[in-house]
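# Chain and residue survey
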Amino acid sequence: MNNILKIALTLAVGIVLAGCYNDFDNPAPAKVYTDKDFTETGAEIISIKDLKAKFYEKWGHDANGLGRRVVIEDDVVIKGKVISSDAEGNVYKSLYIYDGEQAIELRLMNDNYVNYPLGQIVYVKAQGLSLASYRYMLSLGAAPALEPDGTFPNDTPSEHDFSASGNSNIPTTEMVQQYVYRGELDTITEADVTVVNKENYKTVLGTAEQREALQGCLIRFEGLRSSYTTVDSNTYPNYLENVNGVYTNKYYQDEGLPITWAYNYDNTKYYGSSLFTYETTPTSLESGSYVVRVSGYARFALKELPSDNAMVNITAIYTKYSSRTGGFITYQLLVSSYKDIEEL
C-alpha cells in the first residue's frame, strides 16, 4: 500500500509540475481593467479637469502655484488614453494621458512605451500621489524630496521656493503598478488630436484659459513656418550647453556645426531649441509662436533642422514653460517621434 501511495503522490506532483510548466509557457492574458474594477471598491472615477481643479482651488493659476503641490487624499481614479511615447528618447520618464477633454503628465520611469503604448487606456489611482506645478505644467507623481521631519516647505503658504519640484517620478515598477492599471488597447484617432492652423490659432489658443485647458494635449500644428530669429532676447535655433552647472546658449553656425534638432557629439548631449511660428514677425512666445525643444538623447537629435522659412506640420504635446519665478513664458512642443514632423 505504501508503494502505491508513493507512486500516486509522485504522479500527482508530476501532473502539478507539468501544469505549472504549461502555464509558464502559455501565460494567461494580462487583466484588462474596466471602470467596474474601481467603482466596486468605492473609488470614484473623475475627469482630469476635476483632478486639476484640486490644485487650482488651493494655489490658483498664477506664479504662486509654481513648485507647490496638493496630495490627493480622496479615493479617486482618472482614466485616459496614452498620447505620448518615449520610444525615440525625446520624452523622458513621463507619460501623457488624455480623457477626451484634458490631459495630464504622469511622472513614471523609463521605457513607458513597452507597457503603455500609444492608444493604451490607463486608469490611475491618484490617492496618495502629489499633484504639482513645475513652471506652470501640472503633473501627477510621487512625493517630492522632503525635509528630515517629513515636511515639504512649499506646503506652507508663507514659504515659497519657486524652483522646487512638488513631486517626483514614481521610482520602481512595483510602485508604478500600484497606481497605474492597463485597460483596453485602443488607437490614436482624429478625436484625440486638436488641429491648429494659421486661420484658427487665435481662436483655439487665443486666451490664457484656452491655452491652460490644452496643456499636455496632443495638437497637430499645420502650416507652421520655421523662423531663425530672436524673440525675448533668445536667438533660434540654439542648443543649451551645460558645463559644471553653468548653462549657455550656443549657436550651431558659430560653432561650425550643421543646424540640427539638438546636440549630440563626442558622447555629450544638449537640448536644442528651434522656433516655429504663424506670425510674420514673432514678438512673443505666448501665442502664435512655439519652441520645439528636443533632447540630445532623441534618436533624431542630429536630423537636419528645416531651413529658415520652411513650412512644416508638427504633431506634439503642447506644454508651457517659464523662468524660475514665472516670467518669460514660452509654449513648447514636445515631439514623440520624428515622423510627427512633416516638412511641406
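Because the structure is predicted, anything quoted here is derived from the model rather than measured.

### Notes on the confidence of the model for the protein
- Residues at a pLDDT of 70 or more form 92% of the protein, whose mean pLDDT is 93.
- Contacts of residues 1-22 to residues separated by more than four positions or lying in other chains number zero contacts, the stretch itself having pLDDT below 50.

### A short note on the nonpolar core
- Phe221, Leu224, Tyr290, Ile314, Tyr318 and Leu333 are the most contacted members of the largest nonpolar core, which has 45 residues in total.
- Of all elements in the fold, only strand 4 (94-98), strand 11 (218-226), strand 19 (289-294), strand 20 (311-321) and strand 21 (330-334) reach the threshold of two or more residues within this core.
- It is strand 20 that provides the largest number of residues to this core, a total of five residues.
- By size, the runner-up hydrophobic cluster in this structure holds 29 residues, among which are Ile104, Leu140, Ala142 and Tyr179.

### Some points on the packing of aromatic side chains
- Considering all chains together, one arrives at 17 aromatic pairs under this definition.
- A network of ring pairs unites the aromatic residues Tyr201, Phe221, Tyr278, Tyr290, Tyr318 and Tyr331 as a single cluster.
- Just above the ring of Tyr271 sits the side chain of Arg293; from NZ or CZ to the centre is 4.0 Å.

### Considerations on the environment of Ser163
- For Ser163, the position within the fold is in the loop between strand 8 (137-141) and helix 5 (173-179).
- When its relative accessible area of 34% is taken as the criterion, Ser163 is described as partly exposed.
- The spatial distance from the C-alpha of Ser163 to the C-alpha of Leu66 is 7.2 Å, given a sequence separation of 97 residues.
- In contact with Ser163, not counting residues within four places along its chain, are Tyr134 and Arg324.
- Side-chain polar atoms of Ser163 contact the side chain of Asp161, separated by 3.0 Å.

### Observations concerning the pairing of strand 11
- Across three bridges, strand 10 (residues 194-196) lies against strand 11 in parallel orientation. Its bridge partner lying in strand 11, Thr194 is registered against Ile219.

### Describing unusual backbone geometry
- The omega angle of the peptide bond from Tyr236 to Pro237 is -5 degrees, so this bond is cis rather than trans.
- Structurally, Pro237 is set in the loop between strand 13 (234-235) and strand 14 (238-243).
- Despite not being glycine, Asn244 shows a phi value in the positive range, around 55 degrees.
- Of note in the backbone geometry, Asp266 takes a positive phi value of approximately 55 degrees without being a glycine.

### Here we look at the pattern of salt bridges
- For the coordinates displayed, the defined rule picks out 11 salt bridges.
- The partner of Asp35 in a salt bridge is Lys79, with the nearest N and O atoms 3.1 Å apart. Of this pair, Asp35 sits in helix 2 (residues 35-39) while Lys79 sits in strand 3 (residues 76-82), and the two are 44 residues apart along the sequence.
- Take Asp35: its relative accessible area is 32%, and that puts it in the partly exposed class.
- A salt bridge links Arg69 to Asp155; the nearest nitrogen and oxygen atoms lie 2.9 Å apart. Of this pair, Arg69 sits in strand 2 (residues 69-71) while Asp155 sits in the loop between strand 8 and helix 5, and the two are 86 residues apart along the sequence.
- On the basis of relative accessible area, Asp155 is assigned to the partly exposed category, the value being 26%.
- Three or more residues joined by partner-sharing salt bridges are found here, namely Lys81, Asp186 and Asp192.

Analysis parameters
- Residues numbered from 1 in each chain as written.
- Predicted model: local features only at pLDDT ≥ 70, side-chain atom pairs only at ≥ 80, totals over all residues.
- Heavy atoms only, no water.
- pLDDT = per-residue confidence, 0-100.
- Contact = heavy atoms within 4.5 Å.
- Core = buried A, V, L, I, M, F, W, Y, C linked by side-chain atoms within 4.5 Å.
- Buried < 20%, exposed > 50% of the residue type's maximum accessible area, 1.4 Å probe, protein only.
- Helix = DSSP H or I, 4+ residues; strand = E, 2+ residues; numbered from the N terminus.
- Phe/Tyr/Trp six-rings, centres within 6.5 Å; stacked < 30°, edge-to-face > 60°.
- Lys NZ or Arg CZ within 6 Å of the ring centre and 35° of its normal.
- Polar contact = N/O pair within 3.5 Å; in protein donor to acceptor, adjacent residues only side chain to side chain.
- Pairing = 2+ DSSP bridges.
- Salt bridge = Lys/Arg side-chain N within 4 Å of Asp/Glu carboxyl O.

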